[in-house]
Amino acid sequence: MTRRALAASAAVTALALALTGCVAKADLASAIAVDITDDGCAVAAATAPAGAVTFALANNGTDVNEFEILADDQLRIVGEKENVTPGQEIDFTAHLEPGTYYTACKFQQVGAPIGLAEFTVTGEASAVSAGDEELSDQAVTEYLAYVRSQSAELLPLVEAFAAAYAAGDDETARSLFAATRVPYERIEPTAEAFGDLDPKIDFREVDAVADGLEWTGFHRIEKDLWAPAPGDLNSDGQDAFLDWAPSTPEERQAYADGLVADVTELHDLVTADDFTVSLDAISNGAIALLDEVAAGKITGEEDWWSGTDLSDFAANVQGAGVAFGAVRALAESKGDEGTALATEIDEQFAALEAALAEYGSLESGFVDYATLTDADKKTLSDEVNALAEPLSQLTATVLGA
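Figured I'd write up the structure that's included with this text. (Residues numbered from 1 in each chain as written. Predicted model: local features only at pLDDT ≥ 70, side-chain atom pairs only at ≥ 80, totals over all residues. Heavy atoms only, no water.)

## Some points on the nonpolar core
Burial of nonpolar side chains together is a common tendency in soluble globular proteins. In this structure, Phe-313, Leu-380 and Leu-391 are the most contacted members of the largest nonpolar core, which totals 70 residues. The element contributing the most residues to this core is helix α2 (residues 130-166), with 14 residues. Residue contacts for Leu-380: discarding those within four places in its chain leaves Ile-298, Leu-310, Phe-313, Leu-352, Ala-355, Leu-356, Tyr-359 and Leu-372. Counting 20 residues, the second largest nonpolar core, distinct from the first, contains Ile-36, Phe-55, Phe-67 and Ile-90. (Core = buried A, V, L, I, M, F, W, Y, C linked by side-chain atoms within 4.5 Å. Buried < 20%, exposed > 50% of the residue type's maximum accessible area, 1.4 Å probe, protein only. Helix = DSSP H or I, 4+ residues; strand = E, 2+ residues; numbered from the N terminus. Contact = heavy atoms within 4.5 Å.)

This is the structure we're talking about:
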């Protein structure tokens, strides 16, 4: 999941910086400046005309942060850029129709929004050419079908996994864990749009503690299946047995039932007749999935007990590739610049996938993350960086910003 608190160690912080430091810097001349600090989120303008709105984010704080655009209910997230590391400057573009929104930041990507401020979008609803509208409709239709397909694939996998766990068949449950998570990891930004659903399904222990939430979902079950030994530590360096004990059979049943119920709710939401996705949600979702890799998978924090991080990594990359593919034609329709960008993204996807293939595949399985050397992680992080830079330009190109 994306709303992660990074581990406190200097090594993890340094790695996160290395992963995100190469993303393209903001074009400050055409974007609304956002000064992000540990306790502030100063947006230079409170209004903007409808259409593609670009925010030039600059993290002047001491740790990773997140920028959010909230709907008028101050709950629903209509746009977000996660994993903005200290010293980083990056553009974030969202398509906003006329109305009232709120901007905010989230220090360390956990807790309550900081610097919540009203943001007004003025003018008329944005117009697009007939050609752009046709390509936009095609992208939305294609990606919506993909999200629904992945959700339909996820539900029976979760039901089988949860049943094995609740029955105490740990060997079977362990064998199903990585594969069960794949459809979820491919569409995770969509799940995150539904308030507390993603935290219930996919929060790690340190995230739940930081946000004061009950810890449930995949990673609660994971810790039971790969139970720590005395002296083991959580990803934040705390004693693994602090406020935790192996689940009783009754607790296992409750966690299993809860995961199935939450995934069923996700399936019902995305298959509802009135559910749709916006164009910028698709293109921004591609970079959000790369952020997922940088924030947890490459650091080994995601699947801390099972060591199956590379499976999640590969699923995130696949999901990002599908999101890019849905809007590729629209990017290429913008002329030579859009075509060149699409070609570069293609090349970087191929390079990242080739580097990841050195350690296995989703079909045959990946090596345990603990077997990777620092050099291995550096190679993967370099490839993630190389893809993140052109991919971060995709939304602005697609929306014509």
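After that view, the rundown keeps rolling.
## Digging into the pairing of strand β9 (residues 114-122)
In the sheet, strand β3 (residues 47-49) pairs with β9 via three bridges, with the strands oriented parallel. Looking at β9, one finds that Thr-47 is bridged to Thr-120. By the bridge criterion, six bridges tie strand β8 (residues 99-105) to β9 in an arrangement that is antiparallel. In the strand pairing of β9, Thr-100 is matched with Thr-120. (Pairing = 2+ DSSP bridges.)

## Examining the environment of Phe-313
For Phe-313, the location among the structural elements is in helix α10 (residues 309-332). Taking the C-alpha atoms as reference, Phe-313 lies 9.3 Å from Val-182; in sequence the two are 131 residues apart. Discounting chain neighbours no more than four positions away, the residues touching Phe-313 are Val-293, Lys-297, Ile-298, Leu-352, Leu-356, Leu-380 and Val-384.

## Some words on the state of the cysteines
One pass over the full model with this rule turns up one disulfide. One disulfide bridge connects Cys-41 with Cys-105, the sulfur atoms lying 2.1 Å from each other. Here the S-S torsion is close to 55°, and the disulfide linking Cys-41 with Cys-105 is therefore right-handed. Of this pair, Cys-41 sits in strand β2 (residues 40-43) while Cys-105 sits in strand β8, and the two are 64 residues apart along the sequence. For Cys-41, a relative accessible area of 8% corresponds to the buried category. Of the residues examined, Cys-105 reaches a relative accessible area of 1% and is grouped as buried. (Disulfide = S-S within 2.5 Å.)

## Considerations on the sheet that holds strand β7 (residues 89-96)
Read across the open sheet, the four strands follow the order β2-β1-β4-β7; overall the sheet is mixed. Single-partner strands in this sheet number two, and they are β2 and β7. For this sheet, the mean angle separating the axes of adjacent strands, direction not counted, is 25°. Relative to β2, strand β1 (residues 32-37) runs antiparallel, the two being bridged by four bridges. For Asp-35, the partnering residue across the bridge sits in β2 and is Ala-42. (Axes fitted to C-alpha atoms, helices over the stretch in contact; angles between N-to-C directions.)

## What about the sheet that holds strand β6 (residues 77-84)?
Across a sheet, strands are paired by hydrogen bonds formed along the backbone, either parallel or antiparallel in direction. Judged by pairing direction, the sheet is mixed, and its five strands sit side by side in the order β3-β9-β8-β5-β6 without closing on themselves. Unpaired on one side and paired on the other, β3 and β6 mark the two borders of the sheet. Taking the axes of each pair of neighbouring strands and ignoring which way they run, one obtains an average angle of 20° across the sheet. One ladder, built from four bridges, connects strand β5 (residues 65-70) with β8; its direction is antiparallel.

## What about the side chain of Thr-54?
Turning to its location among the elements, Thr-54 is positioned in strand β4 (residues 51-59). A relative accessible area of 13% places Thr-54 in the buried class. A polar contact is formed between the side chain of Thr-54 and the side chain of Thr-93, at a distance of 2.9 Å. (Polar contact = N/O pair within 3.5 Å; in protein donor to acceptor, adjacent residues only side chain to side chain.)

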